[in-house]
Amino acid sequence: MVKLIIPHVLDTENATLYIIQSFIRTLIYIFKGEKLLLTIMTLSLTRIDYMAVGSTSRGTTRLLPTPDPKQQTQRFVVGDHDGILHICGMKKDELQIIFKSLPGPKVNGISLGGVLGTQKDKIFVAVGNSVKGYTRRGKVFLEFDTNLLEPISAMCVLGPDLSACAKDLYHRYHDCRDADAYLVGERVMDVLLLPGEGSAVVAVLACGDCAVRVLHGGRTPTLLRLTTIPTILIPYREADVESKDRILVGTTDGRVGLLTLQRDKTLRVTWLLSNNGAEITSLDTYELQDGVDILVGRQNGVIEVFAFPEEDDTTPVLRFRHNCGESVSAVVGGIVGAVGYPEVLATTYSGRIFGLTTKPPGLLEVDQDIGLMTKLKIEIDQLEQKKNQQKESFDVGTDALAPPILNVNHRMLINKENASYTLSIELETSIDNILLQSDTPVDLLDVESNSAVASLSACDHKSGNYVLATYRCQINTNRLDLRLRTIEGQPGCLQIYVTSQIHAWLSLALPDVPERPHLEDGEGTLIFTSTFVGTMLKCNYKKGNAIFLSENISSIIILRDILTGEATKRKIRLDVFCNIANGSISRVLDLVLPRIEAARAIKEKVKILDALQEWELNTNPEQLCSKYQELLENESNLRAELVKDPDMLQRLYGTITDLYVDWERARGGQIVTSKTATEKLRPALESRDLTLLLQIFNGNNSAAETPVPRLQQN
């Protein structure tokens, strides 16, 4: 028998093709009297977006085990840079947050643990130099201070043993008591604990000096030298059983190796993926379909699935590839979205969590339509409640925000094949420009995946500037790779300045914002008209400055809240100043009051028609006065108008109420709730008295209003 494996990567969402592939996985041919087994290694995965959290570090997403994976889906836990721990799971085909902690220090790592021989269902979270333990329901059962001087950079839990590494120091604790420690002298990239003989524990360290060290007892560590820096260590697992002597290792140059722990505690490496590529940021093994697969996450956003080789001399076959557009923090295999359908759960640097599921896309559409609509309605209600809470509790005295400097995720690695460096820069939001300055000669090389437009400026070497370059990024770019080559023997300082796009933020608050801003003389202009009130909003923005003009103060306040909230979330300094004109109130009232009068008139007329119908006076309209006869003639139009928007009057009342609340906030006066505003405005609204309304808005101040010019669309 001759066995032929044909690799074939599919990235399709065609349900029919998916079903066909499931029937042609093994084909038998007869060729020259020999039996030829032809296996087509295909895998079709469909992306499902679950949720978004804050920025994440590597190794901060884990899947919790379930007693019966054939009957239940698995919960997952993720921690972000805001210090928030999320425990989530599917219930009735909807993703639900089971537990969410309060914000705090950045989550550096998450490890699962439990009693030896049982499922690892305890969650251990590394925050600063401390470790917190949570149950699968979010109850805290452990708060442990490691007394390390530096934040924990790598952590692993095995039964009663916990290892925590900070920079170049390894420390192990047994039942929260010091067990052993080792000063590596090189940065520890990752750590893994394996069970030894009896109650002994073996620690495997991935180190920054291109070595993997094995610590066992008080003996001298055994050492395995690699040609590149190892970044991640995971135990090989099959059927949710972790191996005691087989370890997968990922490196900075994109290689994946299988380490085998010998009886003498030395390591033997077998390279599974030896081709150079982007840095490995996450690894896992899981049986997605037809055998164990290797799940690979990379720095450049690529997620790959390889068939684990059955023999040592066999190269893994690529079965699936997906590019998510930003660096991958974690990939882990499990059953999350639907029972019976394994998937790859992935988390990105910016906090996007999604699955690559084996469930056919046709089934996804049928099963998720109703659940998705319900989920969206719940999210809208939650956002409305959050907006109302922020409106009522907002402190108008703090307009100038001063959060920390923009958080930039960056890596600089050497490329052996062409003797250059690759600098990766990543933000949580879209990148507008990257400015590069060097006081030593540097050659900037082309990168195929780089779509940014580069501009070089003339430099005066006497002033210490050898390179001045600007990279203008395309829309929705939050990650950029730069390649450069230095001259040996000429050291210097390379400085990078990154600016983000306010244009991308506007799409969060306004509809139909174009993907790329249309600039004239370096300035962009957008004009919007409210479909409900009729007021206009004009947006003028350029580098470092944006001006928003509107006749409606509510539009300005809503936009200000969104932009300041986004700036705080992205850790960007933003100074906000608001100037208001008294005349803007009368302008909005002039637009709204006539519509209130019209809406009230329609409701009154329909009430009269209902009364005529109840007393059966509509059967003989000729006996009625001309006014009622006219109402009966227009009955169908009046009722249709009311059915079209039965809550029109309440919406108009709500517009003026929100206008008053936002007006008080903008003026810096007392905080007014919607309930208080409604009670205060009710008499004036019922009488539709413009003068009385203006007196309430101006605080019974009869001073002349400041005129406001009307915005006109060009």
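Thresholds applied
- Residues numbered from 1 in each chain as written.
- Predicted model: local features only at pLDDT ≥ 70, side-chain atom pairs only at ≥ 80, totals over all residues.
- Heavy atoms only, no water.
- Buried < 20%, exposed > 50% of the residue type's maximum accessible area, 1.4 Å probe, protein only.
- Helix = DSSP H or I, 4+ residues; strand = E, 2+ residues; numbered from the N terminus.
- Arc of directions from axis to C-beta.
- Contact = heavy atoms within 4.5 Å.
- Pairing = 2+ DSSP bridges.
- Axes fitted to C-alpha atoms, helices over the stretch in contact; angles between N-to-C directions.

**Q** Before we go on, may I ask you to explain helix α10 (residues 690-697) in this structure?
**A** Working note: α-helix, 3.6 residues per turn, so residues spaced by three or four point in the same direction. Every buried residue belonging to α10 is among Leu693, Leu694, Ile696 and Phe697, and all of these are buried. Seen along its axis, α10 keeps its buried residues to an arc of 160°; they face one direction. On its buried face, α10 is in contact with α5 (583-614), α8 (648-667) and α9 (674-687). In the segment just after α10, glycine 699 is the residue with positive phi, at about 70°.

**Q** Sorry, what's going on with the sheet that holds strand β23 (residues 256-261) here?
**A** Sheet strands pair by backbone hydrogen bonding; their relative direction is either parallel or antiparallel. Read across the open sheet, the four strands follow the order β21-β22-β23-β24; overall the sheet is antiparallel. Of all strands in the sheet, those bounded by a partner on one side alone are β21 (230-238) and β24 (267-273). Averaged over all neighbouring strand pairs, the angle between strand axes comes to 30°, with direction disregarded. Sheet topology note: the β21/strand β22 (residues 241-251) ladder contains seven bridges and is antiparallel. Looking at the pairing, proline 230 lines up with threonine 251 of β22.

**Q** Explanation requested: the sheet that holds strand β17 (residues 188-195) in the structure shown.
**A** Spatially, the four strands line up as an open sheet ordered β17-β18-β19-β20, and their pairing is antiparallel. In the strand order of this sheet, the two ends are held by β17 and β20 (222-225), each with one partner. Sheet twist, expressed as the mean angle between neighbouring strand axes with direction ignored, is 20°. Looking at chain direction, β17 and strand β18 (residues 201-207) are connected through seven bridges and run antiparallel. Bridge pairing links aspartate 190 to alanine 206 in β18.

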